[in-house]
Structure formats: C-alpha cells, structure tokens
Amino acid sequence: MWAYVVRRALMYIITLFLVSLIIFVVIRVMPGDPAQIILGTEATPAVLERLRDKLGLNEPMIVQYLDWLEGALTGNFGVSINYDVPISDLIASRLLVTGPLTALAIFFTIILGIPLGIYAGVHRNSIRDYGIIVISQLGIAMPAFWTGILLILLFSVRLRWFPAGGFTTWSEDPLAALESLLLPALALSGIRIALITRIMRSSLIDVLGEDYVRMARSKGLTERIVIYKHAVRNSLISVITVLGLQVGMLLAGAIIIESVFYLPGMGRLLVLAIQQRDLPVVQGIVFFMASVVILVNFVVDISYGILDPRIGYE
Amino acid sequence: MIRCFKSRNFSIGFLLTGIVILTTFLSFFYTPYDPNKMEIPARLQKPDNDHWFGTDHYGRDILSRVMKGAVNSITVGLIAVGIGLSFGLLLGIPAGYYGGWADEIIMRLIDAIYGFPAVLLAILITSILGPGIKNSMIAIGISYIPIFARLTRGNFLSLREREFVSAARAMGRGNLSIAWRHILPNTLSVLIVQATICFALAILAEAGLSYLGLGTQPPDPSWGRMLKEAQTFMRLSPWPVIFPGLAIVIATLGFNLLGDGVRDILDPRMKFLR
C-alpha cells in the first residue's frame with residue numbers, strides 16, 4: 001500500500017508543479033508587460049521601470065519563476081501591489097471566511113443530500129421519489145448565485161430573518177458571523193445537494209440489487225437493518241468520492257457567492273484583485289486554491305482503498 | 001426518431017432547448033421593444049400587458065432583454081464547446097491511439113489543467129485577456145479541453161485493440177484513416193452526450209462570469225449581468241431578478257435533460273450515472 005501512496009503522491013506533486021508553471025506562464029508571459037497592465041497605458045517610462053524592478057521583471061524568466069515557486073512553496077507569495085501587505089497574510093485573513101463557508105456548505109450537502117437520496121432510493125418509483133428526482137434535476141440547473149439572490153429575496157427582504165449580506169467578524173460576535181454565513185452556504189450547497197441526492201439514490205439502487213443484500217433479506221433481517229447496515233454503507237463510497245471532488249467546485253463557487261453576499265472572503269479578494277489588476281494577488285490566490293484542490297483530490301484518491309477494502313492497491 | 005420521444009428526459013429536454021433556440025432565432029428579427037432603449041419614467045414596472053416580464057431600473061423591457069440574452073448564451077455555448085471539442089480531439093486522439101510517451105506527456109498536461117476547477121480557470125484566463133464576451137467564450141472553451149481530451153483518449157485506448165481496427169489495418173489503411181474513419185465514428189455518441197452537458201455548463205459559466213462583470217459588457221443584455229444589475233434594486237421590484245434567472249434554469253435544464261435523454265437512448269446501461 002505504501003508504495004502506491006508514494007507513487008500517487010509523486011504524481012500529484014508533478015501535477016502541482018505543472019499547475020504552478022501554467023499559472024506563471026498565463027500571468028507573466030501571455031499578456032506582454034505586467035507592469036504596463038498594472039499601471040495602464042498612461043504610465044510614464046520611469047514609473048514603469050520602477051515597478052518592473054520591484055516585481056523582478058528585469059530578471060530572466062526562468063529566474064523569476066524559480067523565485068516565485070520557492071516563495072510559494074514556503075507560503076510567501078510576495079507583496080500585494082494595492083494593499084502593500086504580504087499576500088500570505090491577505091489569504092490567511094480571508095480564509096477565516098471562505099474556510100467556514102465551504103465547510104458549512106459541505107455540512108448542508110451531507111445532512112440534506114444523503115438522507116434525501118436514501119429516501120428516494122428506498123421508495124423507488126413512487127410519487128415521492130419522482131418528486132425528489134424532479135427537484136434535484138431543477139437544482140442542478142440553478143446557478144448558485146441565482147439561488148443566493150432568491151434566498152436574499154425571501155429571507156432578508158420579505159421575512160427579514162437574516163442579513164442580506166456583509167460579514168460580522170468572528171472576534172466581534174461568533175454567532176452573528178455564523179448567521180451571516182448561513183444563507184451563502186445554503187446557496188453554495190444547492191447544486192451539490194441535488195447532485196449528492198442523485199448519486200446516493202442511484203448507488204443505493206445498484207447496491208440493493210446485489211446478491212449479498214438478497215442474502216441478508218433471506219436471512220430474515222428486517223428491512224431497516226438491510227438498508228441501513230448493509231446497503232447504505234456500501235453505497236456511501238461513491239458518494240464520498242464525489243463529495244471529495246466537489247471541494248474544488250465549492251471553492252470556485254465561493255468566488256461568485258462571496259460577491260453575491262458581499263463576504264470578505266478569498267473569492268471576493270480575487271475578483272477585486274482582477275478588477276484592480278493586482279496580478280501578484282491573482283497569481284497567489286489561484287495557486288493556493290489549485291493546491292487545495294489537488295491536495296483534496298489526492299486524499300480522496302488514497303481513501304478509496306481505506307473505505308472499500310475490495311479495491312486493491314496495485 | 002419516434003423512439004427518441006419515448007424517453008421522458010429527451011422529450012422535455014427537446015421541448016425546453018427548442019424554446020430557447022427558437023427564441024434565439026426570433027430575437028434576430030423581432031423583440032417587443034428595443035432591448036437597450038431606456039425609458040426612465042417606466043422603470044421597475046410589474047409585469048402587465050405592455051411589458052410581459054416588467055421593466056428594469058432603466059425602464060428597459062425585460063422580455064426583450066431576456067430574448068436577446070439567449071443569443072449570448074447560445075453563442076457562448078456553441079463556441080466554448082467547439083473549442084473544447086476540437087482541441088480535446090486534437091490532444092486525445094494521438095494520446096489514445098499511439099499511447100506511450102505521447103500519451104504520458106499529453107495526459108500529465110491535461111491532468112494539470114483538469115486539477116483546476118473550470119470556473120477558476122475561466123476567471124484566470126479572462127482576468128488576463130480582459131473582460132468581454134469573446135474572451136469568456138475562449139476561457140470557458142479552454143476549461144473544457146481536458147474533459148474532451150480524456151474522454152477521447154479513453155475511447156481510443158479501448159477501441160484501438162478491437163477487431164475492426166485490425167481488419168482496417170490488414171486492408172492497408174494508414175493511421176490517420178483508421179483514426180478518423182473507423183475509430184472516431186464509434187466514439188461519437190459519447191462525445192455528443194458530453195457536448196450537450198458541457199453546453200449546459202457553459203451557459204451557467206457564462207452567466208457566472210457576466211455576473212462578476214468579466215463576461216458580456218454593458219449595455220448588451222446577458223442573463224448573468226441582468227441579475228447583477230437587478231440585485232441592487234430587488235427591494236423595489238423583485239421581477240428583474242426572477243425572469244433572467246428562470247431563463248438560465250430553462251436553458252440549462254433543457255440541455256442537461258437532452259444530454260441525459262440521448263444517453264438513455266444510445267446506451268441504456270448508463271442510465272442515471274452522471
């Protein structure tokens with residue numbers, strides 16, 4: 001098993017390296033002169049030259065890349081042009097919003113998606129099953145930011161139960177902070193809930209048709225034990241895999257949702273950095289997000305075998 | 001063809017995409033009002049006989065704007081899927097057909113892009129190329145290249161060992177002819193299903209980018225941008241945020257169901273896997 005883990009780890013490290021290269025090439029090489037992009041067309045040559053020097057753009061490309069990579073691997077992404085603070089500090093402070101937001105969204109996905117899927121799978125082909133299928137089909141087609149807007153319309157504008165946006169910091173009032181994350185997390189999890197419901201349902205139906213389930217039934221076990229102890233357990237494997245792979249999608253979704261609810265998270269920082277042409281910040285955040293996604297994919301990959309002993313490590 | 005309509009997914013998907021595509025064509029010749037014409041005194045009106053979907057904060061007719069927005073979404077879907085499909089084939093065919101080193105190098109590169117969430121990649125690319133509809137099409141298209149490349153490679157990998165390929169080779173066909181005329185047609189069904197689903201995803205992605213201000217630029221109507229602008233005024237009138245959102249859902253749902261339906265028809269074993 002360890003040989004397998006090491007081999008996979010090496011593959012993911014190569015992937016991470018390639019990702020860093022792609023980001024660097026896209027940001028530094030494609031558009032021409034980053035200093036020009038940051039300052040616009042009206043900057044004087046002297047100002048441009050000073051910024052080029054500050055960004056290290058006068059060094060050879062390969063030196064620039066290695067410098068940046070060395071920094072990025074030790075958590076040093078350079079300094080933001082607009083805020084003039086280390087980018088790692090910016091990311092760390094925004095992570096306090098984006099982290100709990102995604103965690104809460106995963107929580108909603110699990111506590112709503114899995115039971116709905118089990119319910120639909122157990123009552124296959126009933127009216128209630130069809131109802132759940134139709135709603136989940138709709139859910140997959142709903143863009144998260146529209147779900148968010150509708151939630152604001154219902155819970156903030158009409159019912160006035162929740163704030164319509166903004167964020168109270170954790171140190172100020174932890175409960176209020178959590179409250180301001182509830183609607184965004186719900187909006188973010190909408191598509192995920194629909195997806196997990198469908199996957200849970202179909203994988204439960206598959207498992208219920210297998211021999212060992214028939215065996216458990218013919219032993220005289222109650223339907224409850226057959227379903228929850230034997231069938232659900234095995235069908236959870238594919239659900240957990242999909243859930244793991246959704247982490248990347250959640251981070252990307254957070255970029256838009258944070259803009260809908262005016263949350264000061266990483267996604268909002270990214271969008272603002274793009275608008276303000278703060279390229280080092282864009283580069284840092286994209287690399288950070290991509291690393292998180294790659295790390296999660298690696299963990300999911302490895303946990304296959306731990307969850308399901310039938311899958312061997314070759 | 002009649003057989004197709006026995007699939008419920010296909011029928012509903014066909015109907016919904018039909019509505020969207022007809023609206024797109026219709027909007028070239030007719031919209032109830034000029035979609036960009038402002039009429040401030042008639043701003044934020046409720047739906048009535050004059051304006052079926054109401055008016056927005058500049059008094060523009062929402063129905064006309066939703067209709068014109070369909071052109072946007074369909075164009076982005078077509079171009080993005082076109083880019084993803086053609087470059088995906090270009091990379092996937094040699095990787096799957098030849099295997100070996102070509103495969104290793106291409107697939108490592110593809111995996112690196114695949115590790116990126118598509119929306120993040122699209123945002124990164126538009127941030128560099130600059131906002132605008134053309135760039136967001138390119139960006140969304142690029143983020144689909146890995147999907148199509150992996151799919152093509154997998155299919156070629158399994159099909160190249162089949163008898164009909166050996167037969168073609170025995171008859172003296174060249175590599176290009178075998179790949180193009182014998183293997184590719186056998187992978188078409190899978191590619192069509194994926195293309196339909198990517199079309200739906202492209203509509204969602206374009207709406208998202210436009211919402212962030214990175215896609216279609218004002219005053220041209222785009223469903224995502226309309227939602228962004230209407231959000232500010234939704235305390236005064238909820239209608240401008242309802243209809244563009246519904247349009248997105250109908251278009252996305254339509255192409256999703258169409259994709260599911262085609263898959264049900266072409267390959268009944270794959271039912272319900274997504």
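Note that residues are indexed from 1 along each chain, following the sequence as it is written. Lettering for chains starts from A, numbering for ligands starts from 1, and both go in the order in which the items are written. Where totals are concerned, whole chains, interfaces and linings use all residues; where local detail is concerned, this predicted model gives features only for residues with pLDDT of at least 70, and gives and counts side-chain atom pairs only at 80 or more.

Of regular secondary structure, chain B possesses nine helices and zero strands. Strands here mean DSSP runs of E at least two residues long; helices mean DSSP runs of H or I at least four residues long; both are numbered from the N terminus. Shown N-terminal to C-terminal, the secondary structure of chain B runs as helices and strands in the order α-α-α-α-α-α-α-α-α. Based on the C-alpha atoms only, the size of chain B along its principal axes is roughly 75 × 45 × 30 Å. What counts as a contact is two residues whose backbone-derived C-beta atoms lie within 7 Å of each other. Pairs at least 24 residues apart make up 69% of the contacts formed inside chain B by residues separated by at least 6 positions.

Moving on, we come to the interface of chain A and chain B. If you look at the interface, chain A gives 38 residues, while chain B gives 35 residues. Contributions of two or more residues to the side of chain A that touches chain B are made by α1 (2–29), α6 (127–141), α7 (144–158), α8 (174–208), α10 (223–260), α11 (266–275) and α12 (279–307) of chain A. Each residue is assigned to one of three groups, with Ala, Val, Leu, Ile, Met, Phe, Trp, Tyr, Cys and Pro labelled nonpolar, Asp, Glu, Lys and Arg labelled charged, and all others, Gly among them, labelled polar. By residue class, the composition of the side of chain A that touches chain B is 31 nonpolar, six polar and one charged.

Expected span of a helix, by definition, is 1.5 Å for each gap between consecutive residues, and there is one gap fewer than residues. Helix length check: helix α5 (residues 87–122) of chain A, at 36 residues, gives a terminal C-alpha distance of 50 Å against a target of 52 Å (1.5 Å per residue), a fit within 8%. To get the bend at a given residue, fit one axis to the seven residues ending there, fit another to the seven starting there, and take the angle between those axes. At A:Leu95, α5(A) shows its maximal kink, close to 40°.

Let's shift gears to the domain arrangement of chain A. Residues and elements named next belong to chain A. Domain boundaries in chain A define domain 1 (12–73) and domain 2 (94–307). On the domain 2 side, the residues contacting the eleven residues of domain 1 number ten residues. Residues that form the side of domain 1 that touches domain 2 fall into these classes: nine nonpolar, two polar and no charged. For the domains described, the bounds stem from an automatic or database domain assignment.

Residue and element names in this part refer to chain A. You will see that Asn125, though not glycine, has its phi angle at about 65°, which is positive. Structurally, the position occupied by Asn125 is in the loop between α5 and α6. Backbone geometry at Tyr262 places phi at a positive 50°, although glycine is not the residue there. Of note, Tyr262 is situated in the loop between α10 and α11. Remark: C-beta atoms are placed from the backbone, and a residue is labelled buried if 20 or more other C-beta atoms sit within 10 Å of its own, exposed if 12 or fewer do, or partly exposed between those counts. Judged by the 15 C-beta atoms lying within 10 Å of it, Tyr262 is partly exposed.

We now examine the packing of α10(A) against α11(A). Residues and elements named next belong to chain A. Running from amino to carboxyl end, α10 crosses α11 at an angle of 85°, the nearest separation of the two axes being 7 Å. As far as their axial angle goes, α11 and α10 are roughly perpendicular. Residues Ala254, Ile255, Glu258 and Ser259 of α10 lie in contact with α11, whose contacting residues are Gly267, Arg268, Leu270 and Val271. Within the contact of α10 with α11, the residues separate by chemical class into four nonpolar, two polar and two charged. To get an axis, a line is fitted to the C-alpha atoms, and for a helix only the part in contact is used. The angle between two axes follows their N-to-C directions and goes from 0 to 180 degrees. Any angle between 65 and 115 degrees counts as roughly perpendicular, while under 35 counts as roughly parallel, over 145 as roughly antiparallel, and the rest as oblique.

Quick look at the nonpolar core now. By size, the foremost hydrophobic cluster in this structure holds 157 residues, and its most contacted members are A:Ile285, B:Ala122 and B:Ala202. Sort the elements by how many residues they give to this core and helix α7 (residues 175–211) of chain B lands first, with 17 residues. Inspection of this core shows a minimum of three residues originating in each of domain 1 (12–73) and domain 2 (94–307) of chain A. Beyond its immediate sequence surroundings of up to four residues, B:Ala202 is in contact with B:Val76, B:Gly77, B:Ala80, B:Val81 and B:Ile140. Take the buried Ala, Val, Leu, Ile, Met, Phe, Trp, Tyr and Cys residues, join any whose C-beta atoms are within 7 Å, and the set you get is a nonpolar core.

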